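Observations on the three-dimensional arrangement
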Amino acid sequence: MSSESSKKRKPKVIRSDGAPAEGKRSRSDPEQEGKYYSEEAEVDLRDPGRDYELYKYTCQELQRLMAEIQDLKSRGGKDAAVEIEDRRILSCVHFMTLKKLNRLAHIRLKKGRDQTHEAKQKVDAYHLQLQNLLYEVMHLQKEITKCLEFKSKHEEIDLVSVEEFYQEAPPDISKAEITMGDPHQQTLARLDWELEQRKRLAEKYRESLSNKEKILKEIEVKKEYLSSLQPRLNSIMQQASLPVQEYLFMPFDQAHKQYETARHLPPPLYVLFVQATAYGQACDKTLSVAIEGSVDEAKALFKPHEESQDDESDSDAEEEQTTKRRRPTLGVQLDDKRKEMLKRHPLSVMLDLKCKDDSVLHLTFYYLMNLNIMTVKARVTTATELITPISAGDLLSPDSVLSCLYPGDHGKKTPNPANQYQFDKVGILTLRDYVLDLGHPYLWVQKLGGLHFPKEQPQPTVIADHSLSSSHMETTMKLLKTRVQSRLALHKQFASLEHGIVPVTSDCHYLFPAKVVSRLVKWVTIAHEDYVELHFTKDIVEAGLAGDTNLYYMALVERGTAKLQAAVVLNPGYSSIPPIFQLCLNWKGEKTNSNDDNIRAMESEVNVCYKELCGPRPGHQLLTNQLQRLCVLLDVYLETEIHDDSVEGPKEFPQEKMCLRLFRGPSRMKPFKYNHPQGFFSHR
Amino acid sequence: MERAVPPTVPLGQMEVFQALQRLHMTIFSQCFSPCGKFLAAGNNYGQIAIFSLSAALSSEAKEESKKPIVTFQAHDGPVYSMVSTDRHLFSAGDGEVKAWLWAEILKKGCKELWCRQPPYRTSLEVPEINALLLVPKENSLILAGGDCQLHTMDLETGAFTRALRGHTDYIHCLALRDRNPEVLSGGEDGTVRLWDLRMAKEVQTIEVYKHEVRACPPHTLFSLLPGPLLCLDLLLPSPLPSQECSRPHNGRWIGCLATDSDWMVCGGGPALTLWHLRSSTPTTIFPMWAPQKHVTFYQDLILSAGQGPCVNQWQLSGELKAQVPGSSPGLLSLSLNQQPAAPECKVGPARSCGGPGRPGVWAAQSPPSCLQVLTAAGNSCRVDVFTNLGYRAFSLSF
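Scope of this entry: the structure provided in the associated data block. Remember, predicted model here, so these are calculated numbers, not experimental data.

What about the overall build of chain B?
What chain B contains, in helices and strands, is 7 helices and 30 strands. Taking all 398 residues of chain B together, 58% fall into the buried category. Summed over all atoms, the accessible surface of chain B reaches about 16600 Å², with 55% contributed by carbon and sulfur.

Some thoughts on the sheet that holds strand β27 (residues 331–336) of chain B
All names here are of chain B. Pairing within the open sheet is antiparallel, and its 4 strands lie in the order β27-β28-β29-β30. Of all the strands in the sheet, the pair left with one neighbour each is β27 and β30 (394–397). Strand-to-strand twist in this sheet, taken as the mean axis angle between neighbours without regard to direction, amounts to 25 degrees. Summarising the sheet, strand β29 (residues 382–386) and β30 pair through 4 bridges and their orientation is antiparallel. Bridging across to β30, Val383 finds its partner in Leu396.

Overview of the packing of aromatic side chains
The final tally for this structure, using the stated rule, is 16 aromatic pairs over all chains. On the basis of an interplanar angle of 50 degrees and a centroid distance of 5.3 Å, the ring pair of B:Phe286 and B:Trp314 is categorised as tilted. Placement of B:Phe286 in the loop between β22 (281–285) and β23 (292–298) and of B:Trp314 in strand β25 (residues 310–315) is noted, with a sequence separation of 28 residues between them. The same class applies to B:Phe286 as to B:Trp314, namely buried. Through a chain of ring-to-ring contacts, the aromatic side chains of A:Phe365, A:Tyr442 and A:Trp444 assemble into a single cluster. Just above the ring of A:Tyr366 sits the side chain of A:Arg344; from NZ or CZ to the centre is 4.0 Å. A cation over an aromatic ring shows up here: A:Arg668 above the ring of A:Phe663, its NZ or CZ 4.3 Å from the ring centre.

Brief notes about the sheet that holds strand β13 (residues 171–176) of chain B
Residue and element names in this part refer to chain B. If you walk across this open sheet you meet the 4 strands as β13-β14-β15-β16, and the pairing is antiparallel. Of all the strands in the sheet, just β13 and β16 (201–207) have a single pairing partner and so form its edges. Shown here is a sheet whose adjacent strand axes are inclined to one another by a mean of 20 degrees, direction ignored. Bridging between strand β14 (residues 182–187) and strand β15 (residues 191–196) involves 5 bridges; their strand directions are antiparallel. Bridging across to β15, Val183 finds its partner in Trp195.

Some words on the pairing of strand β19 (residues 254–260) of chain B
Regular strands have side chains that alternate between both faces of the sheet. Residue and element names in this part refer to chain B. Burial runs high along β19: 7 of the 7 residues are buried. Relative to strand β20 (residues 263–268), β19 runs antiparallel, the two sharing 6 bridges. From the neighbouring strand, Asp260 faces β20, where its bridge partner is Trp263. Hairpin connection from β19 to β20: 2 residues lie between these consecutive antiparallel strands, with Ser261 at a positive phi of about 45 degrees.

A word on the interface of chain B and chain A
At the interface, 43 residues of chain B touch 46 residues of chain A. Carbon and sulfur atoms make up 55% of the area that chain B and chain A hide from each other, which totals about 3800 Å². In this structure, the connection of chain B to chain A is made through 6 salt bridges. Of the charged contacts, one joins A:Arg668 and B:Glu188 as a salt bridge, the two residues approaching to 2.7 Å between their closest N and O atoms. For the pair chain B and chain A, the number of links is 16 residue pairs in polar contact (both at pLDDT 80 or more). The dominant element in the side of chain B that touches chain A, judged by the number of residues it contributes, is helix α1 (residues 13–23) of chain B, at 7 residues.

Comments concerning the pattern of salt bridges
According to the stated counting rule, one finds 39 salt bridges over all chains in the structure shown. Of the charged contacts in the structure, one is a salt bridge between A:Glu605 and A:Arg684, with a shortest N-O distance of 2.2 Å. In this pair, A:Glu605 sits in helix α20 (residues 597–607) while A:Arg684 sits in the segment after β11 (681–682), placing the two residues 79 residues apart along the sequence. With its nearest N and O atoms 2.8 Å apart, the salt bridge here joins B:Arg177 to B:Asp262. Placement of B:Arg177 in the loop between β13 and β14 and of B:Asp262 in the loop between β19 and β20 is noted, with a sequence separation of 85 residues between them. Overall, the relative accessible area of 14% leaves B:Asp262 in the buried class. Within the structure, one salt-bridge network assembled from shared partners comprises A:Glu61, A:Arg64, A:Glu68, A:Glu83 and A:Arg87.

Section: the packing of α20(A) against helix α21 (residues 622–639) of chain A
All names here are of chain A. Close contact between α20 and α21 brings their axes to 10 Å; oriented N to C, the two are set at 155 degrees. As the angle between them shows, α20 and α21 are arranged roughly antiparallel. You can see that α20 and α21 cross each other, and the crossing is right-handed. Here Asn598, Ile599, Met602, Glu605 and Val606 of α20 lie close against α21, whose contacting residues are Gln626, Arg629, Leu630, Leu633, Leu634 and Tyr637. Across the contact of α20 with α21, the residue classes break down as 7 nonpolar, 2 polar and 2 charged.

Concerning the environment of A:Glu603
With respect to the helices and strands, A:Glu603 occurs in helix α20. Owing to a relative accessible area of 1%, A:Glu603 belongs among the buried residues under this scheme. Through-space distance from the C-alpha of A:Glu603 to that of A:Thr592 is 9.8 Å; in sequence the pair is 11 residues apart. Discounting residues that sit within four places of it in the chain, A:Glu603 has contacts with A:Phe581, A:Gln582, A:Leu583, A:Asn593, A:Val608 and B:His24. Side chain to side chain, A:Glu603 and A:Gln582 meet in a polar contact 3.3 Å long.

Comments concerning α1(B)
Within the span of α1(B), buried status applies to B:Val16, B:Phe17, B:Ala19, B:Leu20 and B:Leu23. Each buried residue of α1(B) lies within a common arc of 160 degrees when the element is viewed along its axis, so the set occupies one face. If you follow the buried residues of α1(B), they end up packed against α19 (538–542), β8 (580–586) and α20 of chain A.

A few points about a negative patch on the surface
All names here are of chain A. Taken together, the side chains of Glu529, Asp530, Glu533 and Asp548 make up a negatively charged region of the molecular surface. With respect to the helices and strands, the residue Asp530 is situated in helix α18 (residues 528–533). Judged by its relative accessible area of 44%, Asp530 falls in the partly exposed class.

Considering the environment of B:Val208
All names here are of chain B. Tracing the chain through its elements places Val208 in the loop between β16 and β17 (212–213). Counting along the chain gives 17 residues from Val208 to Thr191, while the straight-line C-alpha distance between them is 6.0 Å. Non-local contacts of Val208, meaning those with residues more than four positions away in its chain, are made with Gly190, Val192, Cys245, Ile254, Cys266, Pro270 and Trp275.

Side note on the nonpolar core
Residue and element names in this part refer to chain A. Counting 143 residues, the largest nonpolar core has Phe365, Trp444, Phe494, Trp523 and Leu623 as its most contacted members. Element by element, the count of residues in this core is highest for α21, at 11 residues. Taken domain by domain, this core gets at least three of its residues from each of domain 3 (269–303 + 332–456 + 465–485) and domain 4 (500–643 + 651–682). Beyond its immediate chain neighbours, meaning those up to four positions away, Trp523 contacts Ser391, Phe494, Leu497, Glu498, Tyr553, Met554, Ala555, Val568, Leu623 and Leu627.

Parameters and conventions
- Residues numbered from 1 in each chain as written.
- Chains lettered and ligands numbered in written order.
- Predicted model: local features only at pLDDT ≥ 70, side-chain atom pairs only at ≥ 80, totals over all residues.
- Heavy atoms only, no water.
- Helix = DSSP H or I, 4+ residues; strand = E, 2+ residues; numbered from the N terminus.
- Buried < 20%, exposed > 50% of the residue type's maximum accessible area, 1.4 Å probe, protein only.
- Areas by Shrake-Rupley, 256 points an atom, 1.4 Å probe, with all protein chains shown as cover.
- Pairing = 2+ DSSP bridges.
- Axes fitted to C-alpha atoms, helices over the stretch in contact; angles between N-to-C directions.
- Phe/Tyr/Trp six-rings, centres within 6.5 Å; stacked < 30°, edge-to-face > 60°.
- Lys NZ or Arg CZ within 6 Å of the ring centre and 35° of its normal.
- Contact = heavy atoms within 4.5 Å.
- Buried area = accessible area lost by both parts, 1.4 Å probe.
- Salt bridge = Lys/Arg side-chain N within 4 Å of Asp/Glu carboxyl O.
- Polar contact = N/O pair within 3.5 Å; in protein donor to acceptor, adjacent residues only side chain to side chain.
- Parallel < 35°, antiparallel > 145°, perpendicular 65-115°, else oblique.
- Left-handed = near helix turned anticlockwise from the far one by under 90°.
- Nonpolar A, V, L, I, M, F, W, Y, C, P; charged D, E, K, R; others polar.
- Arc of directions from axis to C-beta.
- Patch = residues over 30% accessible without salt bridge, like charges linked within 9 Å, V, L, I, M, F, W, Y side chains within 5 Å.
- Lys, Arg positive; Asp, Glu negative; His and termini not counted.
- Charge placed at Lys NZ, Arg CZ, Asp CG, Glu CD.
- Core = buried A, V, L, I, M, F, W, Y, C linked by side-chain atoms within 4.5 Å.
- Domains from an automatic or database assignment.

Listed below in structure tokens is the structure:
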């Protein structure tokens with residue numbers, strides 16, 4: 001500020017000087033500069049008051065001089081000019097003084113200013129210090145109030161009342177003499193007492209806990225004991241009650257256990273189990289049902305079932321991509337997949353069907369989880385050991401004993417149409433190759449399991465259905481029994497047939513004359529292919545009666561030089577479906593149904609008129625009776641053959657049978673029908 | 001290849017029994033309806049099936065039209081013989097003859113009109129009736145069979161008017177001579193007997209198995225041959241010297257018989273032989289080893305059938321003209337439908353239309369709807385239909 005003021009002054013001075021002072025100034029400046037520093041020091045030496053006096057004086061002098069000059073000028077004389085000049089010089093001196101004074105004044109001003117500034121700064125510093133101190137004070141005051149307001153933790157603790165404290169606390173804690181007066185000490189003591197008390201309580205708590213633990217353990221032990229008591233009691237009960245139950249024919253426990261296991265059966269087997277049990281209890285005491293297999297495996301199977309299926313389908317897709325690249329491993333993979341697909345449920349249901357003669361049909365039902373079909377394996381055991389005739393090999397074999405229980409049910413094809421698609425994936429051509437291992441998927445088995453597969457639908461929905469199962473149970477069981485019995489009967493008959501004896505039971509004797517000369521000499525089983533190859537079986541093959549599920553036999557009946565070959569088709573449905581005979585007589589040339597009407601008549605006599613040969617129900621004598629009739633028919637045929645007069649010698653076969661007429665009708669039939677009580681032969 | 005396995009028909013008890021029945025079926029007799037549109041066939045189970053020929057022969061014939069339109073149980077035993085008048089169908093089986101109205105049959109009503117039993121003497125076994133013969137001139141029906149007699153039944157009254165006795169074994173077949181009131185019968189005893197109906201007695205007996213055909217000069221036959229055959233005589237080769245009719249290994253029985261004016265052809269155990277009746281001499285032996293069960297004249301040919309699947313066509317000279325195979329292993333009957341496809345059924349018995357006097361009928365009248373067919377049946381459930389003599393067109397089946 002001081003510098004500003006000095007600057008302001010200067011122009012002022014200059015203006016007041018006017019233009020004529022300018023020239024001089026530029027000339028006198030270096031002098032002034034040189035003097036400046038000295039002037040500053042000069043200032044200190046000079047007295048400002050005197051300078052003021054000097055100033056005043058100079059100003060008066062100047063005024064006087066100006067006024068004289070004016071005077072002089074106004075007067076205007078010639079000498080006035082010299083005077084004016086003198087005067088001007090004087091005024092110039094005065095001006096110089098004024099200037100000097102002005103400078104001094106400036107310097108002084110500056111100095112003053114500086115001094116003021118310094119002082120001001122000092123004041124400022126003091127002021128700041130003061131402020132700090134004030135703040136500190138305030139802060140401390142705040143802290144103090146805070147401290148004053150602090151709440152101690154102990155205040156929250158509920159202490160016992162003072163009186164109580166003094167009553168209960170021991171003196172070394174209460175220290176009544178110190179604490180009575182001092183509330184602080186008192187509080188401390190009270191807290192101590194509190195602490196003491198709490199410690200004690202904690203101790204007590206721990207004790208109680210351990211106590212509790214102990215008691216719990218004791219309870220556990222006792223519980224264990226009790227629970228172990230139940231099975232022991234059970235076992236005692238069982239041991240004690242089983243003989244009683246058995247004695248009374250009431251197998252409750254066994255049944256109970258079975259029901260328990262049955263819960264783990266897959267639905268179709270469960271349906272079968274329930275229905276078979278129900279049927280066994282209600283209608284057929286000879287039927288017994290059991291569950292076989294590992295329950296644990298079945299349980300284990302239950303959970304991860306779905307995952308594994310997903311995996312499979314995924315890997316299928318992958319596999320198809322890599323089919324061409326990885327041949328060798330693929331085979332193994334496919335094999336695994338096939339195994340996986342054909343996997344059966346670990347549990348199976350056993351049905352034991354007991355027949356009258358103590359032979360038992362054991363049926364084991366399996367469920368193929370991934371194919372959703374059921375299969376069955378059959379086994380027949382007999383009360384007495386059977387001597388197996390060679391030709392009876394297939395009769396009781398597990399593979400064929402149940403074949404075609406219902407017409408056309410071979411059990412070689414999967415009944416579930418959806419399976420074919422699954423097979424295509426893993427390269428199974430037909431289930432036929434696996435049937436021996438897996439059991440046969442007969443249609444009736446599916447029905448017993450309540451599985452119904454509508455035909456000719458690619459993806460049917462299959463649900464296990466109880467009503468389907470129950471509706472088939474009775475007929476199927478009856479069929480099974482009949483099948484086993486007829487097979488066993490055949491089994492016995494074959495044994496004697498192989499020895500050339502046609503066993504005719506006493507209740508069938510009336511069907512045949514007492515004297516039968518023709519004899520069965522051979523009874524062998526033949527293959528289906530061989531049967532088809534025979535020249536005289538064409539009709540049967542063409543009529544579709546020679547399926548590959550049937551059993552085929554060749555019988556040879558002889559009398560003298562005449563040999564009668566009979567090719568026999570034994571339907572698995574024997575004896576409700578009759579065996580079919582095709583004949584070929586070798587006597588004076590070969591005679592079959594195509595060139596001899598009477599051979600044809602003989603065939604129809606055994607094949608079509610079989611109903612009178614069934615004998616007593618259930619008709620197990622049919623096959624042997626048919627063979628016996630064949631022998632009789634051959635007798636009749638040979639004895640009634642017209643004798644060729646031109647040939648010398650006696651007839652080979654003299655007529656011994658009593659016949660009303662030898663021939664009848666346009667096709668000249670021979671009298672093949674035997675009339676029982678009278679004993680003669682007539683035409684049908 | 002589970003899918004490729006041929007679907008085997010599931011065979012239950014009933015199906016097997018039916019299949020066996022069909023397999024052992026024998027069709028003994030057949031007869032055309034008076035209008036010629038239907039064929040009746042009788043089998044060994046006593047059933048008569050009616051086939052519609054017009055449906056089976058039409059251009060839009062399906063498999064079903066080859067099945068019978070109606071089948072009914074006519075007799076207990078086999079139906080051995082059937083003949084038809086313009087209103088009735090007569091069927092004969094074991095000891096009884098039944099009459100059926102064609103109109104009723106075609107309406108599928110299967111009640112017999114009447115049933116008659118000839119007077120039999122034996123009671124132990126009911127004799128069968130093997131042959132029926134209509135005698136239109138006296139409106140009667142002749143029955144012959146197991147009791148070795150020819151019974152004549154008056155169709156007006158239904159009474160049995162006479163019985164002709166003479167055969168020593170049962171009678172297989174009958175034939176009517178169309179000019180004289182004479183009937184021929186052939187039997188198991190090996191004889192063909194000629195009966196005069198007016199006198200009701202036997203006029204001639206031919207024991208076929210005793211004869212042999214000697215080499216005879218052709219000119220002796222010329223005067224005897226009927227007109228149409230004359231032209232053929234020139235071609236007749238002279239038969240081999242002393243050819244025997246008898247074939248002892250086959251027996252003596254005469255199984256079939258047909259006649260045309262003075263000519264008769266018969267066969268069975270002995271060889272098929274053409275006879276001249278007036279002179280009682282065999283003229284031609286047809287070289288066929290198998291016994292024949294049916295023979296008939298057709299124009300200038302003789303058709304015969306028997307053991308074996310073929311219908312044989314013979315020239316009168318003894319030459320085998322053709323053998324047309326059928327579907328049955330053995331044939332028992334042939335039937336010719338010579339009715340024009342007339343809109344109404346008002347034609348006389350089938351026989352009167354045929355005959356050697358009308359050559360070329362087959363070739364001349366064969367419009368597409370022609371029902372003039374030959375049918376053959378025998379040891380199977382099929383009736384073979386020959387629309388042309390040359391080949392089997394199809395089979396009707398029970």
